[in-house]
Amino acid sequence: MALGLAEGKEIEIVDTLSGIGGGAGHPFAMAGIPAVTKSVVVAVEGGKSEIGDNVVIDDVAQTNYEVFSSFDYGYYDQDNLSRTFRGFQTDSYAGSARLEYRLTDWLVAGAAFTYLESDTRSTANLGSNDLDGQVYSIYTTAFHGNTYFDVLCSYGDFENDIARNTLLSRTAYGDTESHSLNIDLNLGHTIHATDQFSFGPSAGLNYATGEVDGFTERNGGLANLIYPDHDFESMIGRLGGYATFKTDTAAGLLTTQVSGGWAQEFQPENGNVTASLETSPFALVTGNSARGIGGFTASEERAHAGTDWLEMGVTSRLDIKNTDFNVQLGYQGMFGRNNASGHFGSAKIGYDW
């Protein structure tokens, strides 16, 4: 069943579904999540510092507490995957507050709260998805010599406001809730070449799962759709490395880290996209009367962007002289992925004591 025509081609029901989702694979914790919550493309690890104790442990070893506030922005762009699955662009904004405590000389624990908003727009004016919600995170980092291992767990609770162009001169609206659970594992080893320069390999594994609640559209007339509940999951592996430079300046100690690596999505198939028309398109005519019978449901396996991509980033932290404050700026990009790219920035201010 076609809902209408666009550029002379029939647009199927599943075509309009792709507009409520986002693309898999941004460099941070939400990479690869399908469906509605996939449009969250900023660092939902809750403000955990990119330059962490694994890099500047010598400078923070004497502090027991550190508090951070941060702002993150992400932009994700995905091209059309097929005639059925159209592309989209996503802008995401997040603000985080984080408290970290050094339990021992070799173990750090932290907790964070993040509020985020995400706006996704489909190509060809097919629809949009506005998402906002909270992310609650806890994490711990353990050290053994110059080797570190950290574990992060975060839970996200989001509200989604969705608009879909029915291509029948009407816009259908819907709202639902989505939930996600993320587990991040990271391992690395720092080699100190000099007091000012260090480098090392790193590896990571991110697993995400969650659920999008079903909903029924409104205002779309005969084109209103019913979406059932559905689950999602993703697993992404990362292998790369980093180099860190320290410089004494008039303002304080400046630490700059450059990083790069390769990422792979191990579960690219997101399952089927399914929707049913709220009003049956079939009618039984008896004499001078007619009544609707049956119904119509469309289902199709989701397409996905490329499963491998390059991540590159740079982060600088300034520990302000004669104070316990530090400021940090960071950028990370996703490159070389078929049909998709992403750019992500962050700004943080911290205080330790």
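Notes on the structure in this doc start here.

Looking only at helices and strands, one finds two helices and 21 strands in the protein. Looking at the protein as a whole, 49% of its 353 residues are labelled buried. The long-range share in the protein, meaning contacts at least 24 apart out of those at least 6 apart in sequence, stands at 66%. When the accessible surface of the protein is summed, it comes to about 15,400 Å², and 57% of that surface belongs to carbon and sulfur atoms.

This next bit is on a nonpolar patch on the surface. Side chains of Phe113, Tyr115, Tyr136, Phe149, Tyr155, Leu181, Ile183, Leu185, Leu187, Leu205 and Phe266 sit close together on the surface and give an oily, nonpolar patch of about 940 Å² of accessible area. At the level of secondary structure, the elements contributing two or more residues to the nonpolar patch comprise β5 (107–122), β7 (147–165) and β8 (171–189). Ranked by residues supplied to the nonpolar patch, first place goes to β8 with four residues. Tracing the chain through its elements places tyrosine 155 in strand β7.

What follows deals with the pattern of salt bridges. All told, the structure shown has seven salt bridges when counted by the stated rule. Linking aspartate 91 and arginine 121 is a salt bridge whose minimum nitrogen-to-oxygen distance equals 3.0 Å. Of this pair, aspartate 91 sits in strand β4 (residues 88–104) while arginine 121 sits in strand β5, and the two are 30 residues apart along the sequence. Relative accessible area serves as the criterion here: at 13%, aspartate 91 is assigned to the buried category. Residue arginine 121 is classed as partly exposed on the basis of its relative accessible area, which comes to 34%. The closest approach of N and O atoms between glutamate 311 and arginine 238, which form a salt bridge, is 3.0 Å. In this pair, glutamate 311 is assigned in strand β19 (residues 308–320) and arginine 238 in strand β13 (residues 230–248), connecting sequence segments 73 residues apart. A residue is classified by how much of its surface remains accessible, and glutamate 311, at 7% relative accessible area, is buried. In this structure, a network of salt bridges that share partners links the residues Glu66, Arg317 and Asp319.

Each aromatic ring pair is summarised here by two numbers: the centre-to-centre distance and the angle between the ring planes. Within this structure, the stated rule accounts for ten aromatic pairs. Between tyrosine 73 and tyrosine 93, the aromatic rings sit 5.3 Å apart at their centres with planes inclined by 45°, giving tilted as the arrangement. Of this pair, tyrosine 73 sits in strand β3 (residues 65–78) while tyrosine 93 sits in strand β4, placing them 20 residues apart in sequence. Classification of tyrosine 73 by relative accessible area gives partly exposed; the value is 29%. Residue class for tyrosine 93 comes out partly exposed when judged on its relative accessible area of 34%. Residues phenylalanine 325 and tyrosine 351 carry aromatic rings whose centres are separated by 4.8 Å and whose planes lie at 55° to one another, so their mutual orientation is tilted. On the criterion of sequence distance, the pair formed by phenylalanine 325 in strand β20 (residues 325–337) and tyrosine 351 in strand β21 (residues 340–352) is long-range, its members being 26 residues apart. Here the aromatic cluster, defined as three or more aromatic residues joined through ring pairs, consists of Tyr65, Tyr101, Phe325, Tyr351 and Trp353.

Thresholds applied
By convention here, each chain's residues receive numbers from 1 onward along its written sequence. pLDDT decides what is reported in this predicted model: residues at 70 or higher carry local features, side-chain atom pairs at 80 or more are listed and counted, and totals for whole chains, interfaces and linings draw on all residues regardless. Remark: hydrogens and water are excluded; side-chain values derive from all non-hydrogen atoms of the structure. A run of H or I in DSSP becomes a helix once it reaches four residues, and a run of E becomes a strand once it reaches two; helices and strands are each numbered from the N terminus. Relative accessibility thresholds used throughout: buried, under 20% of the residue-type maximum; exposed, over 50%; partly exposed, between the two (1.4 Å probe, protein chains only). We call two residues contacting when some pair of their heavy atoms lies within 4.5 Å. Each accessible area is a Shrake-Rupley result for a 1.4 Å probe, and residues are judged covered by the shown protein chains and nothing else. Any residue with relative accessible area above 30% and no salt bridge may belong to a patch, with like charges joined within 9 Å and the nonpolar Val, Leu, Ile, Met, Phe, Trp and Tyr side chains within 5 Å. The salt bridge definition used is simple: a Lys or Arg side-chain nitrogen within 4 Å of an Asp or Glu carboxyl oxygen. Stacked, tilted and edge-to-face are the three classes assigned to paired rings of Phe, Tyr and Trp, where Trp is represented by its six-membered ring and a pair needs centres within 6.5 Å; plane angles under 30 degrees give stacked, over 60 edge-to-face, the rest tilted.

Purely geometric numbers; function is a separate question.
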